[in-house]
Amino acid sequence: MVAVGGSIGTGLLLGSAAALEMAGPSVILSYIVAAFIAYTVAMALGELASMHPSAGSFGVYGELYLNQYLGFLCRAGYWAAIAFSIGAELVASATYMTYWLPAVPGEVWVVLFAALLLLVNLRSVLAFGRFEFWFSMIKLATIVAFILAGAALMFGGRVAPQYTAQGGFLPKGPLAPLLAVFLAIYAFGGVEILAVTTGESRSAKEIPRAARLTFFLLAGVYLGAIIVLVGVMPWNRAGVSASPFVSVLSMARVPAAAGFMNFVVLTAALSGANAKLYVASRLLFSMGRSGWAPAWLGKLNASGSPRLALLVSSYGIVSALIIEDWAPKQAFLYIMGAAFSGLFLCWVISLAAHVSFRWRITPQEVAALPMRSPLGIGGSMLGFVLASAAVLLTVFSTRVNEVGALVFFVGLSLAYAWLKRRRGQRAR
């Protein structure tokens, strides 16, 4: 549920219109391809995590089965990106609160929500898990309700199915679904969080079930929601209202649809920030334990929470507030471009690590694995090619992303060279 909570966010609830406008009804194919890529990642990470449960997750796998540099780049890049995006989620939460209380400054809500999430994360992982479970359940229940409401509209004859009504199933041409894949894939960003949580799982035997359940929950609700959305709403009207989900709920005569949906997207943002704060703190804790960050970051408090790593990982809250208030809008876009690159780099490195892992073990060892990816080494190779294409297209799609990603990776490479030298001096 932590991985589900980190994945289901405003990208689906509010941003699905962009992909629909780009591909029309054929956006369904885009989400199927995106789901396949996410499946290769979830199964590869599930297999690796069942062998090596670790808070460092994909960074550890990159270091074990590829090299130190890629392991560091994956872990540090993901930490920096996800820690910054915590602040972005809290700024979004403050924006949603203005719907009910427009007179209260946004900074007040950011501080209050940040304090709440820090208190939750400083307690035991069990308390955190319960909090995130219910946050995630609200989002899941809302999407399921949306699917049922939309299906009732179509099957009840109140809305004519729109799959071919506005220029056919491929109104933007046969290549449009491929172009929209790179928007759809963002909806599945967060499935990799599963691997980070394995460091605190009760048993390695639970990891295979969690990996499969995470993916199929996400794929089921995402594909179900998109299929219903495309069927109920004409694709060329997707950008008219604030959210296509609100429009469908209004058509189904759900009372106070806009206010209800505002509550859901608020919950989505807080849940996303909560899950990201958890993941960022565990990654930094792992780096402190392995010598890729100061050793004091690898300590736990009495509740078993990495308190110092948690406090340092909350830097995104402060940086987002500063950028929101004082920095130009372009600066925010540069940092987000870098953050997206860091988030999806871990997919590419995880798949490459899984391929290397499978090459190193014998068929007998494969048969003895606690969890085996049904797609095997071939599925991870294909997922690697598709995920790499997604990262490259994201980086080079705009000048902002290109410059942001370049500065981001150069900075991480310099940090790696400095830390490696320090580790070498300490070893001598």
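Parameters at a glance
- Residues numbered from 1 in each chain as written.
- Predicted model: local features only at pLDDT ≥ 70, side-chain atom pairs only at ≥ 80, totals over all residues.
- Heavy atoms only, no water.
- Core = buried A, V, L, I, M, F, W, Y, C linked by side-chain atoms within 4.5 Å.
- Buried < 20%, exposed > 50% of the residue type's maximum accessible area, 1.4 Å probe, protein only.
- Helix = DSSP H or I, 4+ residues; strand = E, 2+ residues; numbered from the N terminus.
- Contact = heavy atoms within 4.5 Å.
- Expected span 1.5 Å × (residues − 1).
- Arc of directions from axis to C-beta.
- Axes fitted to C-alpha atoms, helices over the stretch in contact; angles between N-to-C directions.
- Parallel < 35°, antiparallel > 145°, perpendicular 65-115°, else oblique.
- Nonpolar A, V, L, I, M, F, W, Y, C, P; charged D, E, K, R; others polar.

What about the nonpolar core?
- Among the nonpolar cores identified, the biggest contains 125 residues, and Tyr 78, Leu 90, Phe 188 and Trp 347 are the most heavily contacted of them.
- Top contributing element to this core by residue count: helix H6 (residues 68-97), with 16 residues.
- Those residues in contact with Trp 347 that sit more than four places away from it in its chain are Ile 37, Ala 38, Val 41, Ile 185, Phe 188, Gly 189, Val 191, Glu 192 and Ala 387.

A short note on the environment of Met 154
- Structurally, Met 154 can be placed in helix H8 (residues 125-155).
- Along the backbone, Met 154 and Val 228 are 74 residues apart, and their C-alpha atoms lie at a distance of 8.6 Å.
- Setting aside anything within four residues of it in sequence, one finds Met 154 in contact with Val 159, Pro 161, Tyr 163, Val 228, Gly 231 and Val 232.

Remarks on the side chain of Ser 93
- Considering the arrangement of structural elements, one finds Ser 93 in helix H6.
- Overall, the relative accessible area of 0% leaves Ser 93 in the buried class.
- Setting aside residues up to four positions removed in sequence, Ser 93 forms contacts with Phe 113, Leu 266, Ala 269 and Leu 270.

Points about helix H7 (residues 106-122)
- Helix length check: H7, at 17 residues, gives a terminal C-alpha distance of 24 Å against a target of 24 Å (1.5 Å per residue), a fit within 8%.
- Within H7 the residues assigned to the buried category are Trp 109, Val 110, Phe 113, Ala 114, Leu 117, Leu 118, Val 120 and Asn 121. Buried positions in H7, seen along its axis, are confined to an arc of 160° and lie on one side of it. Among the exposed residues of H7, those pointing more than 90 degrees away from its buried face are Val 111 and Leu 119.

Let's talk about the packing of helix H3 (residues 16-23) against helix H4 (residues 27-51)
- Where H3 contacts H4, the axes come no closer than 8 Å and their chain directions differ by 120°. If you check the angle between H3 and H4, you find them oblique. Along the contact surface, H3 presents Ser 16, Ala 19, Leu 20 and Ala 23, while H4 presents Val 27, Ser 30 and Tyr 31.
- Split into classes, the residues belonging to the contact of H3 with H4 amount to 5 nonpolar, 2 polar and no charged.

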